[in-house]
Amino acid sequence: MQSMVFFYLETTGLDIKRCDIIQLAAISGNRTFNMYMMPQVAIERGATALTGFRVQNGKLFQNGRAMDTAILHEALASFLDFLWSLEQPVLLAAHNARRFDIPVLDRALFRCSLNEEFQQLGSRFLDTLPLSRALHPGLGSHSLPSLSNHFLGRCYNAHDALEDVTALQELYIWWDPDPLDESIFSF
DNA sequence: TGCCAGGCCCTCTTTAGGGCCTT
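Residue indices begin from 1 for each chain and proceed along its sequence in written order. Chains and ligands are labelled by the order in which they are written, letters from A for the one and numbers from 1 for the other. Per-residue local features of the predicted model are confined to residues with pLDDT of at least 70, and side-chain atom pairs are confined, for both listing and counting, to 80 or more; whole-chain, interface and lining totals are unaffected and use all residues. Side-chain figures throughout are based on the complete set of non-hydrogen atoms in the structure, without hydrogens or water.

Strand order in the open sheet formed by three strands is β4-β5-β6, and the pairing between neighbours is antiparallel. Looking at the sheet topology across the chains shown, the edges are occupied by β4 (53-56) and β6 (65-66). Where β4 lies against strand β5 (residues 59-62), four bridges are found, and the strand directions are antiparallel. Bridging from a neighbouring strand, Q56 pairs with K59 of β5. What makes two strands pair is DSSP finding at least two bridges between them. Where helices and strands are cited, they refer to DSSP runs of H or I of at least four residues and of E of at least two residues respectively, numbered from the N terminus.

Turning our attention to the packing of helix α2 (residues 72-84) against helix α3 (residues 97-111). α3 packs onto α2 with a crossing angle of 110° between their chain directions and a minimal axis gap of 10 Å. Judged by the angle between their axes, α2 and α3 are roughly perpendicular. Viewed along their axes, α2 and α3 form a crossing whose handedness is left-handed. Side by side, α2 and α3 meet where L72, L76 and F79 of the first sit next to L105, A108, L109 and R111 of the second. Residue composition of the contact of α2 with α3, by class: six nonpolar, no polar and one charged. What counts as an axis is a line fitted to C-alpha atoms, over the stretch in contact for a helix, and the angles between N-to-C directions run from 0 to 180 degrees. Reported orientations rely on four angle classes, namely roughly parallel under 35 degrees, roughly antiparallel over 145, roughly perpendicular from 65 to 115, and oblique for the rest. Each crossing gets its hand from how the near helix is turned against the far one by less than a right angle, where anticlockwise is left-handed and clockwise is right-handed. Here a residue-residue contact requires only that any non-hydrogen atoms of the pair lie within 4.5 Å. Any residue that is not Ala, Val, Leu, Ile, Met, Phe, Trp, Tyr, Cys, Pro, Asp, Glu, Lys or Arg is counted as polar, Gly included; the first ten are nonpolar and the last four charged.

This is how it looks when you write it as structure tokens:
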């Protein structure tokens with residue numbers, strides 16, 4: 001029996017070759033993971049506007065509240081510990097995972113020389129964005145807030161990684177996709 | 001000063017362009 005893990009990143013921007021991870025959150029059943037990291041590159045203005053993250057005097061703030069941060073290596077090592085603590089194998093799911101979350105996470109793992117340890121997990125990935133488009137082709141928008149609003153009937157605090165993964169897990173449970181559909185969008 | 005990515009998908013397409021999705 002595999003563990004389904006929904007994960008999300010808040011980053012300094014959209015350029016996957018340059019951005020740093022600020023927040024990494026994951027949820028599997030009722031087990032959650034959530035850590036904040038001090039970015040090494042400037043947070044783009046647009047990212048601050050959306051996420052509320054700002055660095056001031058060497059400290060990370062979210063919407064004016066000082067956050068406890070770890071260095072990137074510590075946070076990623078803790079994330080790997082979290083994944084190892086789950087029933088194996090692990091299926092890691094994120095919204096637009098293939099184009100955004102996975103390349104950003106890959107690059108961060110490589111920078112911290114943790115990529116080989118991550119590969120030992122043998123995790124597979126699932127991108128819920130193309131899955132959503134395949135399951136619900138008539139929908140105008142497949143952004144996570146739109147999907148949450150449409151299927152769960154509520155808005156939530158988008159652009160906080162823990163809120164995002166919680167919504168994504170609820171959405172996935174609601175969808176209850178056919179295992180075949182799930183496998184088509186896994187890699 | 002002002003702006004800053006990128007790859008997939010769709011269509012009024014394929015000798016292209018624009019919208020979507022992520023921060």
